[in-house]
Amino acid sequence: MADSVIAENIAAIKKDIPENVTLVGVTKHRSVEETQAVVDAGVYDLGENKVQEFLAKVDEIKGPVRWHFIGHLQRNKVKYLMGKVSLIHSVHSIELLKTIEKESAKHDVKTNVLIQFNLAEEGSKSGFMAEEYKLVMEEAGNCPHLEIQGLMCIGPMTKNSDEIHKVFKHLKELYDTIEKEYHGENIKMQYLSMGMTDDYPIAIEEGATIVRIGRKIFNR
């Protein structure tokens, strides 16, 4: 894909996004050249879904890049991300939370994470149920090598905008509750990661501070 097309698409997306919302360019399955074109167009936050793909790119891309891991993360792959990513969006289980803490301690790093919730309650999606928030936050408070910086979810698989609004509104309410009840030394809520190519305008309306967009950048 021509770099100029990527740059034009990014310029159009940025017109839709307020300055206080971070655009994460999702570069999964894209070449090093295409990924570099995203950075050259002024998007420095890049999201990868697969550890192997991320590792193949991390030393190749030039610029002030902040890497985000946004995909389903297997516990045996956590060690490869330590010290290399700015933010892990997809902490979907207590076991994964503990593994990231263990590996962060082993590598002597502080790892920034978001807690993923499955508020659409779809079997194909990972994440905690809303009622589990106390359990996960209490466990997170025992992880000194982690900083819980916010929440993430994936919108429901529907074109019904009311249903999408409902899920994103619910995550914002959960975010506000956790910020009020659990703000502490390593729980510092600042990011609400929700919204992708098909639903990011709704996510922004409901309070998203990070949107993850891939297909609209690459016309796919």
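Residues numbered from 1 in each chain as written. Predicted model: local features only at pLDDT ≥ 70, side-chain atom pairs only at ≥ 80, totals over all residues. Heavy atoms only, no water.

- Going by the annotation in an unreviewed UniProt entry, the name recorded for the chain is Pyridoxal phosphate homeostasis protein, with Eubacterium maltosivorans given as the source organism.
- UniProt lists a comment for the chain under the heading Cofactor (unreviewed entry), and it reads "pyridoxal 5'-phosphate". (UniProt positions renumbered as here; feature names shortened; annotations may be inferred.)

**What to know about the packing of helix α1 (residues 3–16) against helix α2 (residues 32–40)**
Part 1 of the argument: Closest axis-to-axis distance for the α1/α2 pair is 9 Å, and the angle between their directions is 45°. As summarised for this structure, α1 and α2 are arranged oblique, according to the angle between their axes. For the pair α1 and α2, the sense of crossing is right-handed. Side by side, α1 and α2 meet where D3, I6 and I10 of the first sit next to E34, A37 and V38 of the second.
Part 2 of the argument: Class assignment of the residues belonging to the contact of α1 with α2 gives a composition of four nonpolar, no polar and two charged. (Axes fitted to C-alpha atoms, helices over the stretch in contact; angles between N-to-C directions. Helix = DSSP H or I, 4+ residues; strand = E, 2+ residues; numbered from the N terminus. Parallel < 35°, antiparallel > 145°, perpendicular 65-115°, else oblique. Left-handed = near helix turned anticlockwise from the far one by under 90°. Contact = heavy atoms within 4.5 Å. Nonpolar A, V, L, I, M, F, W, Y, C, P; charged D, E, K, R; others polar.)

**Comments concerning the UniProt feature "domain: Alanine racemase N-terminal" (unreviewed entry) in the chain**
Part 1 of the argument: Taken from the UniProt record, the annotation "domain: Alanine racemase N-terminal" (unreviewed entry) applies to residues 6–215.
Part 2 of the argument: As a span, residues 6–215 carries 37% helix and 20% strand, and end to end its C-alpha atoms are 11 Å apart.

**Side note on the environment of K216**
Part 1 of the argument: Looking at where K216 falls in the secondary structure, it is placed in helix α8 (residues 215–218).
Part 2 of the argument: Residue K216 is classed as partly exposed on the basis of its relative accessible area, which comes to 34%.
Part 3 of the argument: In this structure the C-alpha to C-alpha distance between K216 and E131, which are 85 residues apart in sequence, comes to 34 Å.
Part 4 of the argument: Every residue in contact with K216, bar those within four places of it in the chain, is listed here: N9, I13, D16, T197 and Y200.
Part 5 of the argument: Polar contacts involving the side chain of K216 include one to the side chain of Y200, which spans 3.0 Å. (Buried < 20%, exposed > 50% of the residue type's maximum accessible area, 1.4 Å probe, protein only. Polar contact = N/O pair within 3.5 Å; in protein donor to acceptor, adjacent residues only side chain to side chain.)

**Points about unusual backbone geometry**
Part 1 of the argument: Positive phi outside glycine occurs at H29, with the angle close to 65°.
Part 2 of the argument: Its location among the elements puts H29 in the loop between β1 (22–26) and α2.
Part 3 of the argument: Residue classification places H29 among the exposed positions, given a relative accessible area of 57%.
Part 4 of the argument: With phi around 55°, D108 is a residue other than glycine that occupies positive phi space.
Part 5 of the argument: Note on placement: D108 falls in the loop between α4 (94–107) and β5 (111–116).
Part 6 of the argument: Residue classification places D108 among the exposed positions, given a relative accessible area of 66%.

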